[in-house]
Amino acid sequence: MRITIVGGGYVGLVSGACFAALGAVVTIVEVDQGRFTALREGRMPIYEPGLEALVATSRTAGRLAFADSIEEVADTDMVFLAVGTPSRRGDGHADLTYVFEAAEQVAAALTKPVVLVTKSTVPVGTGRRLAELMALRRPDLAVSVASNPEFLREGCAIDDFMQPDRIVIGSDSATATAMLCELYAPLTVKGARLLATGLETAEMIKYAANSFLAMKIAFINEMADMCEKLGAEIGDIATGLGLDHRIGPQFLQAGPGFGGSCFPKDTQAMVRIAQDAGAPSRLVETVVAVNEARKAAMSSRIIAACGGVVRGKRIAILGLTFKPDTDDIRDSPALGIIHRLVDEGAMVSAYDPMGCNHARFQLPSRVNFCEDSQQALQGADALIIVTEWNEFKMLDPVAIHQAMRGHVVVDLRNIFHGPTMRAAGLVYYGIGSAPSPLDVRAEAETQRLSYAG
Ligand code: UGA
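Residues numbered from 1 in each chain as written. Predicted model: local features only at pLDDT ≥ 70, side-chain atom pairs only at ≥ 80, totals over all residues. Heavy atoms only, no water.

How should I be thinking about the nonpolar core in this particular structure?
A general feature of soluble globular proteins is that nonpolar side chains tend to end up buried together. Counting residues in each nonpolar core, the largest one holds 41 residues, and the members touching the most others are Phe19, Val26, Leu51, Met78, Phe80 and Leu180. Filtering out sequence-adjacent residues up to four positions away, Phe19 remains in contact with Ile3, Ile5, Ala24, Val26, Phe80, Lys119, Asn148, Phe161, Leu183 and Tyr184. Counting 40 residues, the second largest nonpolar core, distinct from the first, contains Met298, Ile317, Ala359 and Val410. (Core = buried A, V, L, I, M, F, W, Y, C linked by side-chain atoms within 4.5 Å. Buried < 20%, exposed > 50% of the residue type's maximum accessible area, 1.4 Å probe, protein only. Contact = heavy atoms within 4.5 Å.)

This is the structure we're talking about:
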């Protein structure tokens with residue numbers, strides 16, 4: 001089967017490389033010349049474990065190619081739209097400009113009937129609008145439209161593609177559904193569950209899934225706040241909840257609030273979709289508000305742990321990306337935290353294994369970007385863990401204590417063991433457990449000194 005994927009971004013690249021690995025002949029169209037050239041030369045514009053090797057293998061096998069214009073790929077059986085659908089400035093609706101621009105170009109370039117598939121996350125009803133557009137522009141061709149949402153997590157996208165929990169195909173066209181089933185046959189024969197639905201249903205499953213997962217995170221974060229007041233332990237609460245099969249253990253890790261290119265954008269869009277449909281979602285509206293408030297509250301928590309004042313203090317930030325194993329910093333909680341700390345007069349030294357290059361463009365020039373954790377920690381008054389990269393989990397508490405000038409550690413991902421950190425002489429604050437009496441005393445002492453000073 002010959003397929004074309006419009007958009008060589010995160011979703012397009014991963015899906016294209018995986019479809020090629022499953023046996024399809026794939027062309028990925030990337031109109032951005034910089035990205036296109038990089039891809040042609042075998043360089044990945046994003047960091048995703050295993051992607052570069054998978055792309056290289058499929059190219060060598062002659063099943064994956066890149067093009068910089070849609071016209072070059074008119075002879076295709078299926079076209080996947082995998083362009084960006086960012087939040088529209090001001091109102092939170094998904095911006096469909098790229099989707100419809102791409103669809104217009106596809107319509108102009110087609111020479112034979114195709115199946116047009118949306119992989120991008122598009123509001124419910126978009127597939128129907130695309131079908132109308134195709135019928136208008138190309139009444140001479142039978143173009144059937146389908147929705148095939150992606151459920152790939154950054155950092156483990158290839159595994160998510162190859163071992164999916166489910167494959168969702170939504171279309172009113174039997175031809176489109178049959179062709180997509182054939183494309184995914186190498187996965188379904190191995191037991192992957194495929195769910196065929198109507199167009200609108202498939203579009204909605206994607207938003208519902210992301211909203212539900214975001215809601216789970218917002219919920220556990222609220223529980224963490226309660227734990228801090230009530231003396232309960234959030235890790236044990238999450239385990240106790242997750243052991244119930246109806247709840248499940250995933251996405252119950254309390255933290256600084258969800259970020260990334262999907263949850264913040266998709267929950268906002270879901271709110272708009274629901275309002276426009278006349279069926280407002282109070283739950284998702286609350287999830288959006290709770291998460292925004294949580295991200296903002298993290299910097300106040302850090303400032304409080306530093307004795308109420310950060311002016312002139314050296315603060316080491318470990319982790320800039322919104323999660324580990326990616327170089328993506330979009331909507332990362334680290335950004336807001338660092339902006340606030342710098343505004344309040346702190347001297348920030350930041351390190352991230354993959355995120356520094358992108359972060360440089362989004363953070364104040366006063367931020368000192370470091371080569372490694374050790375450099376960031378040197379002479380710091382406080383250490384803040386924002387992203388749970390594995391290499392941070394390996395840090396030795398005694399070495400942390402020795403490298404720092406002060407002793408405050410705020411661990412927004414609970415990667416360290418509180419008692420071990422305290423035994424090393426650190427004043428340790430995790431998420432979702434009552435502060436230890438030792439830390440409360442240390443905090444009071446720091447405050448007394450900072451007021452006295
Ligand atoms: C998310 C979904 O998990 C994917 O299924 C979906 O395909 C993708 O969005 C998308 O729509 O394209 P992703 O944004 O890569 O994937 O990352 P997640 O692993 O879902 O994490 C999102 C955010 O939630 C991160 O900031 C992460 O730190 C946070 N999170 C996640 C928590 O705070 N606690 C958790 O227990 C899990």
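On we go.
Just checking my understanding: could you explain the packing of aromatic side chains for this structure?
Ring pairs (aromatic) are described by centroid distance and by the angle formed between their planes. Counting across every chain of the model gives 7 aromatic pairs. A ring pair is formed by Phe258 and Phe263, whose centres lie 5.8 Å apart and whose planes are at 85 degrees; its orientation type is edge-to-face. On the basis of relative accessible area, Phe258 is assigned to the buried category, the value being 6%. Both rings, one in Tyr351 and one in Phe392, keep their centres 6.0 Å apart while their planes meet at 70 degrees; by these two values the pair is edge-to-face. Taken as a pair, Tyr351 in strand E10 (residues 347-351) and Phe392 in helix H16 (residues 390-393) lie far apart in primary sequence, 41 residues in all. Through a chain of ring-to-ring contacts, the aromatic side chains of Phe19, Phe80, Phe161 and Tyr184 assemble into a single cluster. The positively charged end of Arg166 is found above the aromatic ring belonging to Phe151, 3.7 Å away from the centroid. (Phe/Tyr/Trp six-rings, centres within 6.5 Å; stacked < 30°, edge-to-face > 60°. Helix = DSSP H or I, 4+ residues; strand = E, 2+ residues; numbered from the N terminus. Lys NZ or Arg CZ within 6 Å of the ring centre and 35° of its normal.)

It is not clear to me how the environment of Thr177 should be interpreted in this structure. Could you clarify?
Along the polypeptide, Thr177 turns up in helix H7 (residues 174-183). Sequence separation between Thr177 and Ser144 is 33 residues; the distance between their C-alpha atoms is 9.5 Å. The contacts of Thr177, once residues within four sequence positions are left out, are Ile169, Ser171 and Ala196. For Thr177, the side chain forms a polar contact with the main-chain oxygen of Ser173, separated by 3.0 Å. (Polar contact = N/O pair within 3.5 Å; in protein donor to acceptor, adjacent residues only side chain to side chain.)

Looking at this structure, how should I read the domain arrangement of the protein chain?
Interfaces are frequently sized by the accessible area removed from exposure as the parts join. On domain assignment, one finds that the protein chain holds domain 1 (2-197) and domain 2 (198-453). Averaged C-alpha coordinates put domain 1 and domain 2 at centres separated by 33 Å. In this assembly, 35 residues from domain 1 lie in contact with 27 residues from domain 2. Buried area between domain 1 and domain 2, both sides added, is near 2,600 Å², and the carbon and sulfur share of it is 58%. Its largest share of buried area at the contact with domain 2, domain 1 owes to Tyr47, Val124 and Glu154, together 27% of the area lost on that side. Between the two partners, domain 1 and domain 2, sit 3 salt bridges. Measuring nitrogen to oxygen at the nearest pair gives 3.3 Å for the salt bridge that ties Glu150 to Lys206. Summed over the shared surface of domain 1 and domain 2, the number is 12 residue pairs in polar contact (both at pLDDT 80 or more). For the side of domain 1 that touches domain 2, the secondary structure elements donating two or more residues are helix H5 (126-137), strand E6 (144-147), strand E7 (167-171) and strand E8 (194-197). Residue contributions to the side of domain 1 that touches domain 2 peak at 4 residues, all from E7. (Domains from an automatic or database assignment. Buried area = accessible area lost by both parts, 1.4 Å probe. Salt bridge = Lys/Arg side-chain N within 4 Å of Asp/Glu carboxyl O.)

Sorry, what's going on with the pairing of E6 here?
The side chains of a regular strand alternate between both faces of the sheet. Of the two faces of E6, the one carrying Ser144 and Ala146 and the one carrying Val145 and Ser147 are both buried. Relative to E6, strand E5 (residues 115-118) runs parallel, the two being bridged by 4 bridges. Within E6, the position partnered with Leu116 by the bridge is Val145. Of the crossover connections in this fold, the one passing from E5 over H5 to the parallel E6 is right-handed. Of the strand pairs in this sheet, E6 and E7 are connected by 2 bridges, and their pairing is antiparallel. By the bridge assignment for E7, Ser147 is matched with Gly170. (Pairing = 2+ DSSP bridges. Right-handed = clockwise from strand over helix to strand, strands pointing away.)

Where do I start with the packing of helix H9 (residues 199-230) against helix H10 (residues 234-242) in this structure?
Helices that pack against each other are described as a pair by the angle of their axes relative to one another and the distance between those axes. Running from N to C, H9 and H10 cross one another at 135 degrees; their axes reach a closest spacing of 9 Å. One way to sum up the angle between H9 and H10 is to call them oblique. For H9 against H10, the interelement crossing comes out right-handed. Between H9 and H10, the contacting residues are Phe219, Ile220, Met223, Ala224 and Cys227 on the first element and Ile234, Ile237, Ala238 and Leu241 on the second. The residue makeup of the contact of H9 with H10, split by class, is 9 nonpolar, no polar and no charged. (Axes fitted to C-alpha atoms, helices over the stretch in contact; angles between N-to-C directions. Parallel < 35°, antiparallel > 145°, perpendicular 65-115°, else oblique. Left-handed = near helix turned anticlockwise from the far one by under 90°. Nonpolar A, V, L, I, M, F, W, Y, C, P; charged D, E, K, R; others polar.)

What exactly am I supposed to notice about helix H12 (residues 282-305) here?
Compared with an ideal rise of 1.5 Å per residue, which puts 24 residues at 34 Å, H12 spans 34 Å between its outermost C-alpha atoms and is within 8% of the ideal. Taken residue by residue, H12 has Val284, Val287, Val288, Asn291, Arg294, Lys295, Met298, Ser299, Ile302, Ile303 and Ala305 as its buried positions. The inward-facing, buried residues of H12 contact H9, helix H11 (263-276), helix H13 (333-343), strand E12 (382-385), strand E13 (408-411) and strand E14 (427-429). With its phi angle positive at about 90 degrees, Gly307 sits one or two positions after the end of H12. (Expected span 1.5 Å × (residues − 1).)

Please explain the site of the ligand as it appears in this structure.
In the region of the ligand, 19 residues are neighbours, and Glu150, Glu154, Lys206, Asn210 and Lys323 sit closest. One nitrogen or oxygen atom from the main chain of Leu252 is found 3.3 Å from an oxygen atom belonging to the ligand. One of the backbone N or O atoms of Phe322 is found 3.0 Å from an oxygen atom in the ligand. For the ligand, whose free accessible area comes to 710 Å², the fraction covered by protein is 92%. For the shell around the ligand, the elements supplying multiple residues, two or more each, are H9 and H11. A per-class count over the shell around the ligand returns 9 nonpolar, 3 polar and 7 charged. Mapping the shell around the ligand onto the domain boundaries places at least three of its residues in each of domain 1 (2-197) and domain 2 (198-453). (Near = heavy atom within 4 Å. Areas by Shrake-Rupley, 256 points an atom, 1.4 Å probe, with all protein chains shown as cover.)

Just to check I follow, could you spell out the pattern of salt bridges for this structure?
In a structure, side chains of opposite charge can pair up when their charged atoms sit close to one another. Following the criterion strictly, the structure yields 21 salt bridges and no others. Linking Asp75 and Lys112 is a salt bridge whose minimum nitrogen-to-oxygen distance equals 3.4 Å. Of this pair, Asp75 sits in the loop between strand E3 (64-67) and strand E4 (78-81) while Lys112 sits in the loop between helix H4 (97-109) and E5, placing them 37 residues apart in sequence. The partly exposed category is assigned to Lys112, whose relative accessible area is 25%. One salt bridge connects Asp91 with Arg88, and the closest N-O pair in it is separated by 2.6 Å. A residue is classified by how much of its surface remains accessible, and Arg88, at 38% relative accessible area, is partly exposed. Because the salt bridges share partners, they merge into one network encompassing Asp225, Glu228, Arg294 and Arg301.

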